[in-house]
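Survey of secondary and tertiary structure
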Amino acid sequence: MLDYSPIVDKIVREAKQQANKGEVASYIPELSCVDSNKFGISILDKNGKGFHAGDSGEQFSIQSISKVLSLAMAYSLAGEELWKRVDVEPSGDPFNHLSLLEMENGIPRNPLINAGAIVICDILVSNLKNPKSDFLSYVQNIANDPSITYDDKVAESEKRTGFRNYAAAYLIKSFGNLENDVETVLDFYFHSCSLSMSCEQLTKVFYIFMNRGNCLKNKNYLNLSQVKRINAIMLTCGFYDEAGEFAFEVGLPGKSGVGGGIVALLPNQFCVATWSPGLNKKGNSKLGMLALEKLTTETGLSIF
Ligand code: GLN
């Protein structure tokens, strides 16, 4: 069994010395209050052993990382029908892009850009009795951690400023690819993005994508084909117009969020989460990407 303690300690030491930490997201006002000096990393290995360093126990807004979780739940509920409403091609564009080319016939390029995630949220709203609480329970159950919650302040803050997401939702609706009303779908979308988790909690939730669909308690949530496909989408679309760079530098399927979190995994080996609120120009955590590059380069462990 590998001991990841030395590498996580080294990564935190080196991150603390970095002068250029990137810019904290400010387009969602509530996110701009976060301290840019925070840095945490957690690794959870296949056997359930955790390795933590820095601010790994502190909760932050997971933002777009939630798109993988809503996709997983919608995929379990809707099956292959889901792919009639959202494509699986990388976009090469920013997360909030909404040109008509990105959405030919109202079908978003993939489920991890905002437009695609909004369609996934629509599927959940149609399929769940109480979408917000049912989705939260799903996430809590996977992690076996009932303390995971939404951050209502962040959700409200985004609702007030989420004009581009409203535009995307109305555009999709105009093509007939949204079953429910825009307000309801976006209220659910903003809440799912507002989930608060620590690096430690994130690795527990993403354990299912590393461990063939099974959580730490060995309950199954996804079949092998679904896990393969979701991991493929994370690899090709998880970092928007920087997905190529992330595969090139890090070589793992993963997902970022504008709260500064990144989660990634090596199938059947480990799950890793980093948190550093400062973002690079593409909206991905600057030091998080550097840390993960270091991890896979120094251990030689990546999917390649
Ligand atoms: N909730 C954010 C938005 O819709 C998520 C963006 C992100 O994390 N990339 O803009």
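Residues numbered from 1 in each chain as written. Predicted model: local features only at pLDDT ≥ 70, side-chain atom pairs only at ≥ 80, totals over all residues.

Digging into the sheet that holds strand β2 (residues 40-45)
Backbone hydrogen bonds hold the strands of a sheet together, and the pairing may be parallel or antiparallel. The five strands are arranged β3-β2-β9-β8-β7 in an open sheet whose pairing can be described as antiparallel. Either end of the sheet is taken by a strand with one partner, and the two such strands are β3 (50-54) and β7 (254-256). Direction aside, the axes of adjacent strands within the sheet are offset by 5° on average. In this structure, β2 lies alongside strand β9 (residues 270-275), joined through six bridges in antiparallel fashion. Each residue of the ladder has a partner; that of I43, found in β9, is V272. Set on the sheet, helix α1 (residues 5-17) makes contact with β2 and β3; between it and β3 the angle comes to about 20°. (Pairing = 2+ DSSP bridges. Helix = DSSP H or I, 4+ residues; strand = E, 2+ residues; numbered from the N terminus. Axes fitted to C-alpha atoms, helices over the stretch in contact; angles between N-to-C directions. Contact = placed C-beta atoms within 7 Å.)

Digging into the nonpolar core
By size, the foremost hydrophobic cluster in this structure holds 95 residues, and its most contacted members are I118 and F206. The element best represented in this core is helix α3 (residues 114-127), accounting for nine residues. When neighbours within four sequence positions are excluded, F206 is seen to be in contact with V263, L265 and C271. (Core = buried A, V, L, I, M, F, W, Y, C linked by C-beta atoms within 7 Å. Buried ≥ 20, exposed ≤ 12 C-beta atoms within 10 Å, placed from the backbone.)

Concerning helix α4 (residues 131-143)
The first and last C-alpha atoms of α4 sit 18 Å apart over 13 residues, in line with the 18 Å expected at 1.5 Å per residue. Here α4 has its buried residues at P131, F135, V139, I142 and A143. Relative to the axis of α4, the buried residues are bounded by an arc of 100° and lie together on one face. Those residues of α4 that are buried are in contact with α2 (66-78), α3, α7 (182-193), β6 (195-197) and α8 (199-210). (Expected span 1.5 Å × (residues − 1). Arc of directions from axis to C-beta.)

Quick notes on the UniProt feature "binding site: substrate" (unreviewed entry) in the protein
Taken from the UniProt record, the annotation "binding site: substrate" (unreviewed entry) applies to S64, N114, E158, N165, Y189, Y240 and V258. Tracing the sequence through the fold places N165 in helix α6 (residues 163-174). Residue classification places N165 among the buried positions, given that 23 C-beta atoms sit within 10 Å. Non-local contacts of N165, meaning those with residues more than four positions away in its chain, are made with N114, I118, L186 and Y189. Its place among the elements puts V258 in the loop between β7 and β8 (261-266). For V258, a count of 24 C-beta atoms within 10 Å gives the class buried. If we ignore the near neighbours within four places in the chain, the residues touching V258 are A25, L31, Q63, S64, L279 and G283. (UniProt positions renumbered as here; feature names shortened; annotations may be inferred.)

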